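Chain by chain, the residues:
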Amino acid sequence: MKIKIEDLSKVYKNGKQALSNINLEIENGMFGLLGPNGAGKSSLMRILVTLMKPTNGSVRINGFDLQKDRGEIRKMLGYLPQDFRFFTKLKTWEFLDYAAGLSGIRNKKQRLNKVDEWLEKVGLFDVRERNANKLSGGMKRRLGIAQALIGEPKIIVVDEPTTGLDPEERIRFRNILSEISQRDVIIILSTHIIGDISSVCKNLALLNNGSVHFSGSPEELVKKAKGHVWQLNTSGFEYEMLKEKFAVTSTIPTAEGWEVQLVGDKIELENAVEIEPNLEHAYVYYMEYFNQEG
Ligand code: ADP
C-alpha cells in the first residue's frame, strides 16, 4: 500500500488555513501524525477518508485518485473518528454485524463468526447482548475500534486512538494494531500523546500550524535532538530562570531543590550534563526550535 500526498492545502469557509502545502509519502505499517491541538491532524484525516475535500493538492492511494476514485478508495478504508458516537437501539453484536455488512461481508454465517471474533478481540463478548448506547465510554470506544476494523480495511485511520481508554485498554488496542500492521496495510494514527507513537510507529510526521515540520522515523527525530538535552540539579531561584530560557521537560524534587531536564538550542550551564534524548525531548526540541533549524 502507498499513499502519496502532494501540495495539499485546506482553507475553511471562515478563512482559517488548517493545512498548507502538505507533502507526505506513507507506506505499509503504522504511521503517526503527531502535533499539538489545532495542528491540522483531524483536517488531514478527514480529507484522507473522503469526508472533506481539500482546497488544493492531490492524494493518490495505490495509484487511485482521492477525488476521482472515491468509491474504490472508500472500499479500502476503516475510520475511527475522534468523537465516535452512535445513535442506535441495536445490541452490541447487532451493531458490529451491521458494520460488517456495510463493509461487504454478505454471507451471514461468515459475518457472525467475524462478529464473535471481534467481540472477543476488543473484550466485549460478555456484553454482546447489551444495547450499544448503554455501554460505558471505554467500551463504546472499543466498539468503535471493532467497527473500523471488522471489514479488514487496507487503510485504517484512527483519530486520537487512546482518548477515553484506561491503561489496560490502551495496551490491548496497541497490540491489536501492532498485529494488523504486519499485513499489507497502512495504519495512520493521530495523537498528541508521544507514548502512543514511540513504541509502535515505524514512521511519523510532526504537524504544527498546518505544516509538516518533520517526517521520518522516530529514531531520526531523536537524533536531531542530540546535543540539545541536559540534566542538572538546581535550587528554586535558578529554576524560574531556567524555565524562562529553556523548555523544561521533567522536574523531580530532590533534597536540595530539583533535578530538571532541559531542552534548548545551546545550553551553556556549568553544572549541566548532556543526556541522551528520547522521543519526547525530540518532539519538544523540534516544536520549540524548528525556526532556527530551518
Ligand atoms: P487537530 O486535529 O490537530 O487538533 P484540526 O484539524 O482539528 O487540528 O484543526 C486545525 C485548525 O483548523 C484549527 O485552528 C481549528 O480551529 C480549525 N478548524 C477545524 N475545523 C474547522 C472548521 N470546520 N471550520 C473552521 N475552522 C476549523
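Before reading further, recall that the structure is shown in the block above.
Below, the structure is looked at part by part. (Residues numbered from 1 in each chain as written. Predicted model: local features only at pLDDT ≥ 70, side-chain atom pairs only at ≥ 80, totals over all residues. Heavy atoms only, no water.)

1. With respect to the sheet that holds strand β12 (residues 247-253)
Piece 1. Taken together, the four strands give an open sheet; going across it, the order is β12-β13-β11-β14, and neighbouring strands pair in antiparallel fashion. Across the chains shown, the open sheet's two edge strands, defined by having one partner strand only, are β12 and β14 (273-274).
Piece 2. In this sheet, β14 lies alongside strand β11 (residues 229-234) in antiparallel orientation, the contact comprising two bridges. Counted as the bridge partner of Gln231 is Val273 from β14.
Piece 3. The sheet strands contacting helix α9 (residues 236-245) are β11, β12 and β13 (258-263), and the helix crosses β11 at an angle near 155°. (Pairing = 2+ DSSP bridges. Helix = DSSP H or I, 4+ residues; strand = E, 2+ residues; numbered from the N terminus. Contact = heavy atoms within 4.5 Å. Axes fitted to C-alpha atoms, helices over the stretch in contact; angles between N-to-C directions.)

2. Concerning the environment of Leu80
Piece 1. Tracing the chain through its elements places Leu80 in strand β6 (residues 77-80).
Piece 2. When its relative accessible area of 1% is taken as the criterion, Leu80 is described as buried.
Piece 3. In sequence terms Leu80 and Asp159 are 79 residues apart; their C-alpha atoms lie 6.2 Å from each other.
Piece 4. Beyond its immediate chain neighbours, meaning those up to four positions away, Leu80 contacts Arg141, Gly144, Ile145, Gln147, Ala148, Val157, Val158 and Asp159. (Buried < 20%, exposed > 50% of the residue type's maximum accessible area, 1.4 Å probe, protein only.)

3. Section: the pattern of salt bridges
Piece 1. The full count for this structure, using the stated rule, is 18 salt bridges.
Piece 2. Between Lys121 and Glu117 there is a salt bridge, with its nearest N and O atoms 3.6 Å apart. In this pair, Lys121 and Glu117 both sit in helix α4 (residues 108-121), four residues apart, roughly one turn of the helix.
Piece 3. Between Lys226 and Glu276 there is a salt bridge, with its nearest N and O atoms 2.8 Å apart. Here Lys226 is found in the loop between α8 (218-224) and β11, whereas its partner Glu276 is found in the loop between β14 and α10 (279-293), with 50 residues between them in sequence. (Salt bridge = Lys/Arg side-chain N within 4 Å of Asp/Glu carboxyl O.)

4. Overview of the site of the ligand
Piece 1. What surrounds the ligand is a group of 13 residues, the closest being Gly38, Gly40, Lys41, Ser42 and Ser43.
Piece 2. In the environment of the ligand, an oxygen atom lies 3.1 Å from a nitrogen or oxygen atom belonging to the backbone of Ala39.
Piece 3. For the ligand, an oxygen atom lies 2.9 Å from a polar atom in the backbone of Gly40.
Piece 4. If the ligand stood free it would expose 570 Å²; the protein chains cover 66% of that surface.
Piece 5. When residues of the shell around the ligand are assigned to their parent elements, the largest contribution, four residues, is made by helix α1 (residues 41-48).
Piece 6. Here the shell around the ligand is composed, by residue class, of four nonpolar, six polar and three charged. (Near = heavy atom within 4 Å. Polar contact = N/O pair within 3.5 Å; in protein donor to acceptor, adjacent residues only side chain to side chain. Areas by Shrake-Rupley, 256 points an atom, 1.4 Å probe, with all protein chains shown as cover. Nonpolar A, V, L, I, M, F, W, Y, C, P; charged D, E, K, R; others polar.)

5. Side note on the side chain of Arg141
Piece 1. Topologically, Arg141 is positioned in helix α5 (residues 137-149).
Piece 2. For Arg141, which is buried and forms no salt bridge, the nearest opposite charge comes from Asp159, at a distance of 7.1 Å.
Piece 3. Residues contacting Arg141, with those up to four places away along its chain left out, are Leu80, Pro81, Gln82, Phe84, Asp159, Glu160, Pro161, Thr163 and Leu165. (Lys, Arg positive; Asp, Glu negative; His and termini not counted.)

6. Observations concerning the nonpolar core
Piece 1. Residues Trp118 and Leu206 are the most contacted members of the largest nonpolar core, which totals 56 residues.
Piece 2. Per-element tally for this core: the top contributor is α10, with eight residues.
Piece 3. Residues in contact with Trp118, not counting those within four places in the same chain, are Leu96, Ala146, Leu149, Ile150, Ile176 and Ile180.
Piece 4. By size, the runner-up hydrophobic cluster in this structure holds 30 residues, among which are Ile47, Leu48, Ile61 and Met76. (Core = buried A, V, L, I, M, F, W, Y, C linked by side-chain atoms within 4.5 Å.)

7. Side note on the packing of aromatic side chains
Piece 1. Inspection of every chain in the model, using the stated rule, returns three aromatic pairs.
Piece 2. On the basis of an interplanar angle of 70° and a centroid distance of 5.5 Å, the ring pair of Phe214 and Tyr286 is categorised as edge-to-face. One end of the pair, Phe214, is in strand β10 (residues 211-216); the other, Tyr286, is in helix α10, with 72 residues separating them in the sequence.
Piece 3. Note on Tyr286: relative accessible area 8%, which makes it buried.
Piece 4. The ring of Trp118 has Lys121 sitting right over it, with the charged end atom 4.4 Å from the ring centre.
Piece 5. Between Arg128 and the ring centre of Phe125, over which it is positioned, the NZ or CZ distance is 4.9 Å. (Phe/Tyr/Trp six-rings, centres within 6.5 Å; stacked < 30°, edge-to-face > 60°. Lys NZ or Arg CZ within 6 Å of the ring centre and 35° of its normal.)

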